[in-house]
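# Fold and geometry: a report
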Amino acid sequence: CSLKLSDLLVRDKIKKEFVLGTTKNGSSHRVFMSKTAHKVLSSYVEKILSDKPHLKKKKNYPLFASQKEGFITPSSGSRLIVSILNKAGIDKAGGAHSLRKSFSRALYSQSGGNLKLLQNCLNHRHLSSTSVYLSASSSEISEAVEVLRI
């Protein structure tokens, strides 16, 4: 919610990676974007800058601005994400944090179970914090039991 246009822009182009300032654990965090995320975010920022060219000079302008052109609050951001997910037909949305959990589980699975990679991506100091994101759902447990050959 506190990202600024200047965090992502270099000569009016979106960087493919950026650094978040101080995070919850007190450190900075380097974030990498997929090609798709980069493309979508680039289009979004292009639209903002074409609609409001004066923002190129405003270094502290929010990437995601409120109606009053200030930073959105975390609770407003979460409500916005839930609204977008619901419009996309995803009704089980538990807010922004559920997306972090979904990302975590997908990355863990697609990286061949690389827990250290996931720990770094989530900017966790301890693996125990990371492992919380990998709890199995009831349907996964049910599916696993069905494929057992006992």
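Residues numbered from 1 in each chain as written. Predicted model: local features only at pLDDT ≥ 70, side-chain atom pairs only at ≥ 80, totals over all residues. Heavy atoms only, no water.

### Here we look at the nonpolar core
Our working rule: For this analysis, a nonpolar core means a set of buried residues of the types Ala, Val, Leu, Ile, Met, Phe, Trp, Tyr and Cys, connected via side-chain atoms within 4.5 Å. Accessibility here uses a 1.4 Å probe with only protein chains present; expressed as a share of the type maximum, an area under 20% marks a residue as buried, one over 50% as exposed, and anything in between as partly exposed. Strands here mean DSSP runs of E at least two residues long; helices mean DSSP runs of H or I at least four residues long; both are numbered from the N terminus. We call two residues contacting when some pair of their heavy atoms lies within 4.5 Å.
Leu-5, Val-45 and Leu-63 are the most contacted members of the largest nonpolar core, which totals 15 residues. Only α1 (5-8) and α2 (35-51) provide two or more residues apiece to this core. When residues in this core are grouped by element, the largest group, four residues, is from α2. When near neighbours in sequence (up to four residues on either side) are disregarded, Leu-63 contacts Leu-3, Lys-4, Leu-5, Leu-8, Leu-41, Tyr-44, Val-45 and Ile-48.

### Quick notes on the pairing of strand β4 (residues 29-32)
As a reminder, the rule being used: One requirement defines pairing of two strands: DSSP has to find at least two bridges between them.
In β4, alternate side chains face the same way, and those of His-29 and Val-31 are buried while those of Arg-30 and Phe-32 on the opposite face are not. Relative to β4, strand β3 (residues 17-20) runs antiparallel, the two being bridged by four bridges. In the strand pairing of β4, Glu-17 is matched with Phe-32.

### Focus on helix α3 (residues 74-87)
How we decide: Between the first and last residue of a helix there are one fewer steps than residues, each counted as 1.5 Å, and that sum is the expected span.
With 14 residues, α3 should cover 20 Å at 1.5 Å per step; its first-to-last C-alpha distance of 20 Å lies within 8% of that length. Positive phi shows up at Gly-89, right after α3, with a value of about 85°.

### Here's the deal with the environment of Ser-66
One can find Ser-66 in the loop between α2 and α3. A relative accessible area of 26% places Ser-66 in the partly exposed class. A C-alpha to C-alpha distance of 9.4 Å links Ser-66 and Gly-77, two positions 11 residues apart in sequence. If sequence neighbours within four positions are ignored, Ser-66 has contacts with Phe-71 and Ile-72.

### Details of the pattern of salt bridges
For the record, the criterion: Criterion for a salt bridge: a side-chain nitrogen of Lys or Arg within 4 Å of a carboxyl oxygen of Asp or Glu.
Applying the stated criterion across every chain yields a total of four salt bridges. Between Arg-30 and Glu-17 there is a salt bridge, with the nearest N and O atoms lying 2.4 Å from each other. Residue Arg-30 is located in strand β4, and its partner Glu-17 is located in strand β3; the two are separated by 13 residues in the primary sequence. Of the residues examined, Glu-17 reaches a relative accessible area of 29% and is grouped as partly exposed. Among the salt bridges present, the one from Lys-47 reaches Asp-51, with a minimum N-O distance of 2.7 Å. Here Asp-51 and Lys-47 lie together in helix α2, a separation of four residues that amounts to about one turn.

### Looking at unusual backbone geometry
In terms of backbone geometry, most residues other than glycine have negative phi values and most peptide bonds are trans. Positive phi is not limited to glycine here, since Glu-69 has a value of about 65°. Within the secondary structure, Glu-69 sits in the loop between α2 and α3. If you check the backbone angles, Asn-123 has positive phi at about 60° while not being a glycine. Mapped onto the secondary structure, Asn-123 falls in the loop between α5 (115-122) and α6 (127-131). We classify Asn-123 as buried; its relative accessible area is 18%.

### Focus on the environment of Arg-105
Mapped onto the elements, Arg-105 comes out in helix α4 (residues 96-110). The class for Arg-105 is partly exposed, based on a relative accessible area of 26%. When the C-alpha positions of Arg-105 and Ile-90 are compared, they lie 17 Å apart, and in sequence the two are 15 residues distant. In this view, Arg-105 contacts Tyr-133, Leu-134, Ser-135, Ala-136, Ser-137 and Glu-140; residues no more than four positions away in its chain are not counted.

### A look at the packing of α4 against α5
Stated precisely, the cut-off is as follows: Axes here mean lines fitted to C-alpha atoms, for a helix over just the part in contact, with angles spanning 0 to 180 degrees between N-to-C directions. Should an angle fall under 35 degrees it is called roughly parallel, over 145 degrees roughly antiparallel, and 65 to 115 degrees roughly perpendicular, with every other angle called oblique. Crossing handedness is read from the near helix: turned anticlockwise from the far helix by less than a right angle, it gives a left-handed crossing, and turned clockwise, a right-handed one. Basically, the charged four are Asp, Glu, Lys and Arg, the nonpolar ten are Ala, Val, Leu, Ile, Met, Phe, Trp, Tyr, Cys and Pro, and anything else, Gly included, counts as polar.
As a packed pair, α4 and α5 sit with axes 9 Å apart at the nearest point and diverge in direction by 150°. The angle between the axes of α4 and α5 places the two elements in the roughly antiparallel class. Helix-helix and strand crossings are classified by hand; for α4 and α5 the assignment is right-handed. Each of Arg-100, Phe-103, Ser-104, Leu-107 and Tyr-108 in α4 lies in contact with α5, whose residues at this interface are Leu-115, Leu-117, Leu-118, Cys-121 and Leu-122. Along the lines of polarity and charge, the residues of the contact of α4 with α5 split into eight nonpolar, one polar and one charged.

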